[in-house]
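Overview (structure and organization)
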Amino acid sequence: YNYLVKYFEKLRERNAMKKKLLSTTYLNEAEEYKIKFFMNEKDKYVVAKKLDKISEPFIIGNGITAMDNGYYILEMVPKNKKYALRIFFDDKKKIVEYYFDIIKESGVDEKTKIPYFIDAYLDIAISSTGNIKILDRDELDEALENGDLSKEEYDNVLDTSKKLLDEIKDKTNELLN
């Protein structure tokens, strides 16, 4: 019985909302990179990353390369919103994709002094051609079913994504503008 309890606790931990430090997001394949933090922005945290050398390209839908040698990532996390924006640029600094994470919270980690956000499963991707996709809805629904999210948290994520989608379609999102 104790073994089963521990097993299910580990499974739940693996699927729980994860705290993501901006110093490490999307750098798993990076062997050499440069990173710059802009901590004095009044209303958001900003991190710029240049991927000098990665072990293998990161390919997204339609065979588009989002990360490769010489590519860039710009991350912005508003201090008063429930989303984070990641913009992928190619080696010529052309936008490849906009990627929004719906988040539970953000701040500066007390221990590392690095900005972070807690990912709330649901994501919105916008291709360079303007195609919008909602991602990981199945993970969000599963988190509610498993008790990893309360009904209130679940509803907040859906509400945030709806407002964000409206801003994207109306071209009123402050980060995209």
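First things first, this report covers the structure right here in the doc. (Residues numbered from 1 in each chain as written. Predicted model: local features only at pLDDT ≥ 70, side-chain atom pairs only at ≥ 80, totals over all residues. Heavy atoms only, no water.)

1. Digging into the packing of helix α2 (residues 137–146) against helix α3 (residues 151–170)
For the pair α2 and α3, interaxial distance at closest approach is 9 Å and the crossing angle is 160 degrees. The orientation of α2 relative to α3 falls into the category roughly antiparallel. Relative to α3, α2 is oriented so that their crossing is left-handed. Between α2, through Arg137, Leu140, Asp141 and Leu144, and α3, the contact on the second element is made entirely by Lys151, Tyr154, Val157 and Leu158. A breakdown of the residues in the contact of α2 with α3 according to their chemical character gives five nonpolar, no polar and three charged. (Axes fitted to C-alpha atoms, helices over the stretch in contact; angles between N-to-C directions. Helix = DSSP H or I, 4+ residues; strand = E, 2+ residues; numbered from the N terminus. Parallel < 35°, antiparallel > 145°, perpendicular 65-115°, else oblique. Left-handed = near helix turned anticlockwise from the far one by under 90°. Contact = heavy atoms within 4.5 Å. Nonpolar A, V, L, I, M, F, W, Y, C, P; charged D, E, K, R; others polar.)

2. Structural notes on the packing of aromatic side chains
Evaluated as defined, the whole model comprises four aromatic pairs. Note on Tyr26 and Phe58: the rings are 6.0 Å apart at their centroids and 80 degrees apart in plane angle, and the pair reads as edge-to-face. Of this pair, Tyr26 sits in the loop between β1 (19–21) and β2 (30–38) while Phe58 sits in strand β4 (residues 58–60), placing them 32 residues apart in sequence. Here Tyr26 falls in the partly exposed class, since its relative accessible area comes to 26%. The interplanar angle of 70 degrees and the centroid separation of 5.4 Å between the aromatic rings of Tyr26 and Phe88 together place this pair among those described as edge-to-face. With Tyr26 in the loop between β1 and β2 and Phe88 in strand β7 (residues 83–89), this residue pair connects regions lying 62 residues apart in the sequence. The buried category is assigned to Phe88, whose relative accessible area is 1%. Grouped by ring-pair contacts, the aromatic residues Tyr26, Phe58, Phe88 and Tyr99 constitute a single cluster. Cation over ring: Lys19 sits above Tyr116, and NZ or CZ is 4.4 Å from the ring centre. (Phe/Tyr/Trp six-rings, centres within 6.5 Å; stacked < 30°, edge-to-face > 60°. Buried < 20%, exposed > 50% of the residue type's maximum accessible area, 1.4 Å probe, protein only. Lys NZ or Arg CZ within 6 Å of the ring centre and 35° of its normal.)

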